[in-house]
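Here is how the chains run, residue by residue.
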Amino acid sequence: MSDADVKYRESLVKAALGIEKADLVLRHGNVINVCSGEIEHHVDVAVKGKHIVLVGDARDTIGPDTKVVDCIGKYIVPGFFDAHMHFESSMLTITEFAKASVPTGTLTLFADPHEIVNAVGKIGTIAMVEELRSAQIPQRVFLLPPSLTPDCPGLETPGVEVSREDVRELLEYPEVGGVGEVQGFTNVDLVMKHAPHILPLVIDSAVAAMAKGKIVQGNAPFLFGPQLAAHLIAGSSDCHETSDEGEVIEKVRRGMYVLMREGSTQHNLRACLRGIKEAGLGTRFLVHCTDDMCPPDLLDPNVGHINNSIRVTLEEGYDVVEAVQMATINPAIHYHLDRELGSITPGKIADIVVVSDITVDGWRTTDMDQVYFEGRLVASRGKVLVDIKSDYVYPDAVKKSVYIEPTLTAETFDYPAPKGKDSVLTRVVGLIEFENLSEEREIEMPVRDGKVHVDLDRDILKMAVVGRYKASAGEIGKGFVQGFGMKSGAVAETVSHDTHNIMVMGASESDMALACNEVIKMQGGVAVVDQGKVLGTMALPIAGLISEYDVQTCNDKVDELVAHIEKLGSPIHMPLMHLAFLSLATSPYLKLTTKGYVEAHNYRVVPMFVD
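What counts and what doesn't
- Residues numbered from 1 in each chain as written.
- Predicted model: local features only at pLDDT ≥ 70, side-chain atom pairs only at ≥ 80, totals over all residues.
- Heavy atoms only, no water.
- Helix = DSSP H or I, 4+ residues; strand = E, 2+ residues; numbered from the N terminus.
- Rg over C-alpha atoms; globule rule 2.2 N^0.38 Å.
- Contact = heavy atoms within 4.5 Å.
- Lys, Arg positive; Asp, Glu negative; His and termini not counted.
- Charge placed at Lys NZ, Arg CZ, Asp CG, Glu CD.
- Buried < 20%, exposed > 50% of the residue type's maximum accessible area, 1.4 Å probe, protein only.
- Pairing = 2+ DSSP bridges.
- Right-handed = clockwise from strand over helix to strand, strands pointing away.
- Phe/Tyr/Trp six-rings, centres within 6.5 Å; stacked < 30°, edge-to-face > 60°.
- Lys NZ or Arg CZ within 6 Å of the ring centre and 35° of its normal.
- 1 Å grid on protein atoms, 1.4 Å probe; cavity = no way out; pocket = protein on both sides within 12 Å on 5 of 7 lines; lining within 4 Å.
- Points joined across faces, edges and corners; volume = space filled by probe spheres on them.
- Nonpolar A, V, L, I, M, F, W, Y, C, P; charged D, E, K, R; others polar.
- Axes fitted to C-alpha atoms, helices over the stretch in contact; angles between N-to-C directions.
- Salt bridge = Lys/Arg side-chain N within 4 Å of Asp/Glu carboxyl O.
- Polar contact = N/O pair within 3.5 Å; in protein donor to acceptor, adjacent residues only side chain to side chain.
- Patch = residues over 30% accessible without salt bridge, like charges linked within 9 Å, V, L, I, M, F, W, Y side chains within 5 Å.
- Areas by Shrake-Rupley, 256 points an atom, 1.4 Å probe, with all protein chains shown as cover.
- Core = buried A, V, L, I, M, F, W, Y, C linked by side-chain atoms within 4.5 Å.
- Domains from an automatic or database assignment.

Visitor: With reference to specific residues and values, describe the overall build of the protein chain.
Guide: Per the secondary structure count, the protein chain includes 19 helices and 29 strands. Taking 2.2 N^0.38 as the reference for a compact globule, 611 residues should give roughly 25 Å; the C-alpha atoms of the protein chain span a radius of gyration of 25 Å, in line with that estimate. For the protein chain, the spread of C-alpha atoms along the principal axes amounts to about 90 × 50 × 45 Å. The long-range share in the protein chain, meaning contacts at least 24 apart out of those at least 6 apart in sequence, stands at 70%. One way to put it: in the protein chain the 56 positive side-chain charges average out to a point 2 Å from where the 86 negative ones average out.

Visitor: Requested: an account of the pairing of strand S13 (residues 286–289), with residues and values cited.
Guide: Where burial is concerned, the two faces of S13 agree: the one with Leu286 and His288 and the one with Val287 and Cys289 are both buried. Note: strand S12 (residues 257–261) against S13, four bridges, orientation parallel. Paired with Leu259 across the bridge in S13 is Val287. Once the chain exits S12 it traverses helix H11 (residues 269–279) before rejoining the sheet at S13, and the crossover so formed is right-handed.

Visitor: If you had to explain the packing of aromatic side chains to someone new, which residues and values would you point to?
Guide: Summed over the entire model, instances satisfying the criterion amount to seven aromatic pairs. Considering the side-chain rings of Phe87 and Phe97, the 5.3 Å spacing of their centres and the 85° angle between planes classify their relative orientation as edge-to-face. A residue pair is termed long-range when its members are at least 10 positions apart, and Phe87 in helix H2 (residues 87–90) and Phe97 in helix H3 (residues 94–101) qualify at 10 residues. The residues Phe87 and Phe97 share a single accessibility class, namely buried. Taken together, a centroid distance of 4.8 Å and an interplanar angle of 15° make the contact between Phe110 and Phe142 stacked. Here Phe142 lies in strand S8 (residues 140–143) and Phe110 lies in strand S7 (residues 106–111), a separation of 32 residues in the sequence. Among the aromatic residues, those joined into a ring-pair cluster are Phe110, Phe142 and Tyr335. Over the aromatic face of Tyr318 sits the side chain of Lys277, whose NZ or CZ is 4.3 Å from the ring centroid.

Visitor: Could you give an account of the layout of surface pockets, with specific residues and numbers?
Guide: Each pocket or cavity is described by its volume, and for the largest pocket that value is around 310 Å³. Forming the boundary of the largest pocket are 11 residues, of which Tyr8, Arg9, His51, Glu340 and Gly347 lie nearest the centre. Here the lining of the largest pocket takes three residues from helix H1 (residues 3–16), the largest share from any one element. Classifying every residue of the lining of the largest pocket gives three nonpolar, two polar and six charged.

Visitor: Report on the sheet that holds strand S26 (residues 533–539), specifying residues and quantitative values.
Guide: With respect to topology, nine strands assemble into an open sheet ordered S20-S19-S18-S22-S21-S24-S23-S25-S26, the strand pairing being mixed. A single partner strand is all that each edge strand has here, and the edge strands are strand S20 (451–452) and S26. Taken together, the six bridges between strand S25 (residues 525–530) and S26 define a ladder with antiparallel strand orientation. From the neighbouring strand, Asp530 faces S26, where its bridge partner is Lys533. Where helix H17 (residues 509–521) meets the sheet, its contacts fall on strand S21 (460–466), strand S23 (490–493), strand S24 (502–506), S25 and S26, and the angle it forms with S25 comes to roughly 150°. Along the sheet, helix H18 (residues 551–567) contacts S23, S25 and S26; its crossing angle with S26, the most-contacted strand, is approximately 150°.

Visitor: So what's going on with the pattern of salt bridges? Residues and values would help.
Guide: Enumeration over the complete set of coordinates arrives at 33 salt bridges. Asp204 is the salt-bridge partner of Arg164, the closest N and O atoms lying 3.4 Å from each other. Residue Arg164 is found in helix H6 (residues 164–170), and its partner Asp204 is found in helix H8 (residues 198–211); the two are separated by 40 residues along the sequence. Owing to a relative accessible area of 30%, Arg164 belongs among the partly exposed residues under this scheme. Asp414 is paired through a salt bridge with Lys451; the nearest N and O atoms lie 3.2 Å apart. A residue pair is termed long-range when its members are at least 10 positions apart, and Asp414 in the loop between helix H16 (396–399) and strand S18 (423–431) and Lys451 in strand S20 qualify at 37 residues. Here Lys451 falls in the partly exposed class, since its relative accessible area comes to 29%. Here the residues in one salt-bridge network are Lys50, Arg140, Asp351 and Glu374, joined through shared partners.

Visitor: Could you give an account of the side chain of Glu181, with specific residues and numbers?
Guide: As for its position among the elements, Glu181 is in the loop between strand S9 (178–179) and helix H7 (188–194). Salt bridges are absent for the buried Glu181, whose nearest opposite-charge side chain, Arg261, sits at 6.7 Å. A polar side-chain atom of Glu181 sits 3.0 Å from a polar atom in the side chain of His84. Sequence-distant contacts of Glu181, defined by excluding residues within four places in its chain, comprise His84, His86, Asp112, His114, Gln217, Gly218, Asn219, His240 and Glu241.

Visitor: Just give me the short version of a nonpolar patch on the surface, but keep the residues and values in it.
Guide: A surface patch of nonpolar side chains, amounting to about 320 Å² of accessible area, comprises Val13, Leu17 and Ile19. When you line up the elements, Leu17 lands in the loop between H1 and strand S1 (24–33). According to the relative accessible area criterion, Leu17 is exposed, its value standing at 63%.

Visitor: Mind laying out the nonpolar core, listing which residues take part and the relevant values?
Guide: Ranked by internal contacts, the top residues of the largest apolar core, which has 160 residues, are Ile116 and Trp363. Counting the residues that make up this core, at least three belong to each of domain 2 (78–381 + 392–396) and domain 3 (400–606).

Visitor: Lay out empty space enclosed by the protein in plain terms, naming residues and giving numbers.
Guide: Under the defined criterion, the tally for this structure stands at five cavities of 30 Å³ or more. The volume enclosed by the largest cavity comes to roughly 120 Å³. Taken together, 13 residues make up the lining of the largest cavity; nearest its centre are Ser89, Met91, Val495, Leu576 and Met577. Listing elements by their share of the lining of the largest cavity, those giving two or more residues are H2, H18 and helix H19 (575–580). Here the lining of the largest cavity gets three residues from one element, more than from any other, and that element is H19.

That is the geometry; function is a separate question.
What follows is the structure, encoded as structure tokens:
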């Protein structure tokens, strides 16, 4: 603490008493009080510098230089938190993500750089820290790097394996708020049986974080009883993978924060809310998060960001104060930030959103009438009002992440059948729209010319994961997927959770090869092809995951690619993101990695054909 800090605090005290005058007063608004659980009507909020100094009758804080804003009929709420997200999923840099999310009222983010770390190691997190330091963004970002990579040793291959020394080094950065989702200890019993060496690594990272007063995020789908207890004791404090009523009840009762996910392709919020309401439980441990958002949803004024989660909560019959608490004071308490953030109360940082419509029909981005970050007006009705920029350039060490040549051929994607078979019982990944979960289906597939082919009549496409790193070069996992609806062509991308090798899906082996070769040539990206023609591409030069486009160009590129995929027959919302999650080896049930089919719930690799 410096003398300047003391003098600044003294000026706040004097402003509250009217001795000094406020810089900003929001007059006669309706404050959503997340502390008392009520709406206070016709109340003023006075701001001095970066802080709120008075809530109530603020007429004595108004001087000749005070900016007074009439808020009659409007609602004053704290700035929103996204309690768990990944910048990489948006394919945007931190700076460009801010341009899309700040107008929605989201002013504090807890970001897990899990994806970039899997691709290039700890230097990915360090690069993000450097971007934060160089950027001018009206948003507060805490990075939460993973406790280890890969999450499932033996089931997947990352670009770089992260050590406990790497984690301890990253925790020294003030921009790092803790350890990200502990996926390595998701399948508790199976880890103890098949990979017990993971446990001390997870605990080491958790203990190191907690010793510094930093958070440890969890990942606990379908954990109950002793398994959930073990996950909590290992250090995890929350879970964003909760997807049904029974889970949310168990976790809240055991003191685990439930980060209710409402992203572009994972819609778990309603199930969580319904479980709590039906059980008659309190909402103290419920928090909003998005996990993974695409630019078209972020920029859609009818979707947006955390404002959309608040609207969905109202649709489920919750009180507006409770809905706002889940986006403000609840995460602030969880992350030990409630002394500074999360409420409209004296002494808190003036992260404020003035909302024009708080009904179930409101909360659109255009209903965010004014967005203040640290007392400064930064956005209004969907428009950014300040210059958000960064001159940071990601280094070549982060950009070089594809180490194979563009020499794949149609024969690469041949699937030979067992000899002497006219048909074969085959494992097929079943897509579940708006979920990370997938189904394990067993389907009798015909054999022609000694090979198993796609079956478009039954909506079965080929799918493969091609190793792109030094460690995974030469590895190709092969399988089938059902549910995308594509009738021709192929899609390839260097996004495939969580190790992010090349994921490709298609109706034609030659198109699959062409699509893969295109993303290899780009050193990472997305390609959509059909009948030997490249329909569209998008470069992702930063670790094969993030673009260098501005937010609007990135949005337009994604829209273009999705439109091409729709013309190939797929009706799936955000198909690129859905495809990328079909290699997530920690998520039940059947997934595909460079090792082949993985049964996440059994922690094992299984063959394509059923014995």
